[in-house]
Amino acid sequence: MHRSTLTGAALHERRQSLRNLLGVSPALLAIGLFLIVPILLVVGYSLMEANPYGGVEPVFSTESYLSLLFERQLDDSLAFVDSYLLIALRSIGIAAATTLVTLLIGFPVAVWLAMQPPHKRGLLIFLITVPFWANLLIRTYAWILLLRETGVVNGALMGLGLVDRPLQLLYTDGAVLLGLVYTYAPFVVLPIYATLEKMDMRLLEAAQDLYAGRWRTLRKVVLPIARPGILAGAILTFVPCLGAMVAPELLGGGTRMMLGNLIFRQFSDARNWPFGSALALVLMAAVMLVLTLYALRAERVRIARGGV
């Protein structure tokens, strides 16, 4: 009797496991078809030779990975080149600067939103998300109209007599930074606001009762509560900026090359699919590294707080 009871329990557990597997099978199928398979294709392309007319030749080669840091000479020797490394460093620098600026802008906005009456917050959040209704390409072209030599900004500066001739605002790193900040600022505001919205306002009253000034209250009360939202907003900004293509291409004029532009041009102009695939994999590895470090840090914080 005891053995039959165990057998029945094991059978029930197996059936339950099978039902659970069948329940998540659509999600697993979608992940496999639209994530795993494309990544495997990119890995395969990166280990083949380039076809001069586009595509790849089914011949195993690691030349695309060597081309990241080396250039093959006429005598078949390898010479170190730093051009792609400089593009990667520029991408990291612009992404870091964009993250910093968006945090400096987004944090005060998020705090202000959280302090508003509940009946006003919905409308304000709606206004922040309105730019997402327009296509990113259209919004970026709007900045071209504003920043070009005959644009609105130069026209206003010359009309006010502040400058004698148009300034070179377009096709600069500043223009690229401006376009990225405009694009990703809501990704900083919303996570921080979502964190501060749950804050108990009585903590601010308690800080005032203890004679804490505004800056001390901000540092000791608001910032610790907003830290998860700040980290989430920083990641949501930094990671996409590494592979940004539209703003560097249009506002930078193609001369302020970033990793996203470089990968795009390998598939379009240079027709070097293996090298473009290798670049894409390196960028993806960098993104996964950032996300992994964030996850490990979050887990350490959770354990330090007693597993909560």
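Note that the structure is predicted; figures quoted are calculated from it, not measured.

## Some words on the overall build of the chain
1) Next: On a plain count of helices and strands, the chain comes out with twelve helices and four strands.
2) Next: In terms of overall dimensions, the chain is more spread out than a globule: its C-alpha atoms have a radius of gyration of 26 Å, far above the 19 Å expected for 308 residues.
3) Next: The principal-axis extents of the C-alpha atoms in the chain amount to approximately 90 × 70 × 35 Å.
4) Next: Within the chain, the proportion of its 308 residues that are buried is 30%.
5) Next: When contacts within the chain are restricted to residue pairs at least 6 apart in sequence, those whose partners lie at least 24 apart make up 62%.
6) Next: Total accessible area on the chain stands at roughly 19,500 Å², and carbon and sulfur atoms take up 68% of it.
7) Next: Put simply, the chain has 25 plus and 18 minus side-chain charges, and the middle of one group is 16 Å from the middle of the other.

## Structural notes on a positive patch on the surface
1) Next: A cluster of basic residues, Arg227, Arg297, Arg300 and Arg305, forms a positive patch on the protein surface.
2) Next: Tracing the sequence through the fold places Arg297 in helix α12 (residues 273-304).

## Details of a nonpolar patch on the surface
1) Next: A contiguous nonpolar patch, built from Leu69, Phe70, Leu78, Phe80, Leu85, Leu86, Leu89 and Ile92 and spanning about 700 Å² of accessible area, is present on the exposed surface.
2) Next: Where the nonpolar patch is concerned, the elements lending two or more residues are β4 (78-80) and α3 (83-115).
3) Next: Turning to its location among the elements, Phe80 is positioned in strand β4.

## Considering the side chain of Thr183
1) Next: If you trace the backbone, Thr183 turns up in helix α7 (residues 173-196).
2) Next: Looking at Thr183, the relative accessible area reads 10%, which means it is buried.

## Here we look at the packing of helix α4 (residues 118-129) against α7
1) Next: In contact at an axis separation of 10 Å, α4 and α7 are set at 155° when each is read in the N-to-C sense. If you check the angle between α4 and α7, you find them roughly antiparallel. Crossing of α4 against α7: the hand is left-handed. Note on element contacts: α7 touches α4 through Pro186, Val189, Leu190 and Tyr193, opposite Arg121, Ile125, Ile128 and Thr129.
2) Next: Class assignment of the residues belonging to the contact of α4 with α7 gives a composition of six nonpolar, one polar and one charged.

## Some details on the UniProt feature "transmembrane region" (unreviewed entry) in the chain
1) Next: The positions UniProt marks with the feature "transmembrane region" (unreviewed entry) are residues 21-48, 84-111, 123-144, 175-196, 229-253 and 273-296.
2) Next: Secondary structure across residues 21-48 divides into 93% helix and 4% strand, with the first and last C-alpha atoms of the span separated by 36 Å.
3) Next: In this annotation, residues 123-144 is assigned 73% helix and 0% strand; the end-to-end C-alpha distance for the span is 29 Å.

## Notes on the nonpolar core
1) Next: In this structure, Leu180, Leu242, Leu251 and Leu279 are the most contacted members of the largest nonpolar core, which totals 31 residues.
2) Next: Listing elements by their share of this core, those giving two or more residues are α3, α5 (136-147), α7, α9 (214-242), α10 (246-250), α11 (259-268) and α12.
3) Next: Not counting residues up to four positions away in its chain, the partners in contact with Leu242 are Ser91, Ile92, Ala95, Leu259, Gly260, Leu283 and Val287.
4) Next: Among the nonpolar cores identified, the runner-up in size contains 19 residues, and Leu113, Ile128, Met199 and Leu204 belong to it.

## Observations concerning the UniProt feature "domain: ABC transmembrane type-1" (unreviewed entry) in the chain
1) Next: In this numbering, the UniProt entry assigns the feature "domain: ABC transmembrane type-1" (unreviewed entry) to residues 88-294.
2) Next: Taken as a whole, residues 88-294 contains 76% helix and 0% strand, while its terminal C-alpha atoms sit 21 Å from one another.

## Notes on the pairing of strand β2 (residues 56-60)
1) Next: Summarising the sheet, strand β1 (residues 48-50) and β2 pair through three bridges and their orientation is antiparallel. The residue of β2 that forms the bridge with Met48 is Phe60.
2) Next: In this structure, the hairpin formed by β1 and β2 is closed by a connection of five residues, where Gly54 is found at a positive phi of approximately 105°.

Parameters at a glance
- All residue numbers here refer to positions counted from 1 along the written sequence of the relevant chain.
- In view of the model being predicted, local features appear only for residues whose pLDDT reaches at least 70, and side-chain atom pairs are presented and counted only at 80 or more, with totals across whole chains, interfaces and linings using the full set of residues.
- The side-chain values count all of the structure's non-hydrogen atoms but skip hydrogen atoms and water molecules.
- Going along the chain from the N terminus, every DSSP run of H or I of four or more residues is numbered as a helix, and every run of E of two or more is numbered as a strand.
- Only the C-alpha atoms count toward the radius of gyration. The rule for a globule is 2.2 Å times the residue count to the power 0.38.
- To sort residues, take the accessible area from a 1.4 Å probe on protein chains only and compare it with the maximum for the residue type: under 20% means buried, over 50% means exposed, and anything in between is partly exposed.
- Contacts are residue-level and defined by heavy atoms, with any inter-residue pair within 4.5 Å sufficient.
- Where accessible areas are quoted, they stem from the Shrake-Rupley method and a 1.4 Å probe; at the residue level, only the protein chains shown are allowed to cover.
- Counting rule applied: Lys, Arg positive; Asp, Glu negative; His and chain ends not counted.
- Charge positions are represented by NZ for Lys, CZ for Arg, CG for Asp and CD for Glu.
- Patches here: salt-bridge-free residues with over 30% relative accessible area, like charges joined within 9 Å, nonpolar side chains (Val, Leu, Ile, Met, Phe, Trp, Tyr) joined within 5 Å.
- For salt bridges, the criterion is a side-chain nitrogen of Lys or Arg within 4 Å of an Asp or Glu carboxyl oxygen.
- Lines fitted to C-alpha atoms define the axes here, with helix axes fitted over just the stretch in contact, and angles between the N-to-C directions of these axes take values from 0 to 180 degrees.
- Orientation is classified from the angle alone, with under 35 degrees giving roughly parallel, over 145 giving roughly antiparallel, 65 to 115 giving roughly perpendicular, and any other angle giving oblique.
- By definition, turning the near helix anticlockwise from the far helix through less than a right angle yields a left-handed crossing, and turning it clockwise yields a right-handed one.
- Amino acid classes used here: Ala, Val, Leu, Ile, Met, Phe, Trp, Tyr, Cys and Pro are nonpolar; Asp, Glu, Lys and Arg are charged; the rest, including Gly, are polar.
- UniProt positions are given in the numbering used here, feature names are shortened, and annotations may be inferred rather than shown by experiment.
- Nine residue types can take part in a nonpolar core, namely buried Ala, Val, Leu, Ile, Met, Phe, Trp, Tyr and Cys, and a core is a set of them joined through side-chain atoms within 4.5 Å.
- Strand pairing requires that DSSP identify at least two bridges connecting the strands.

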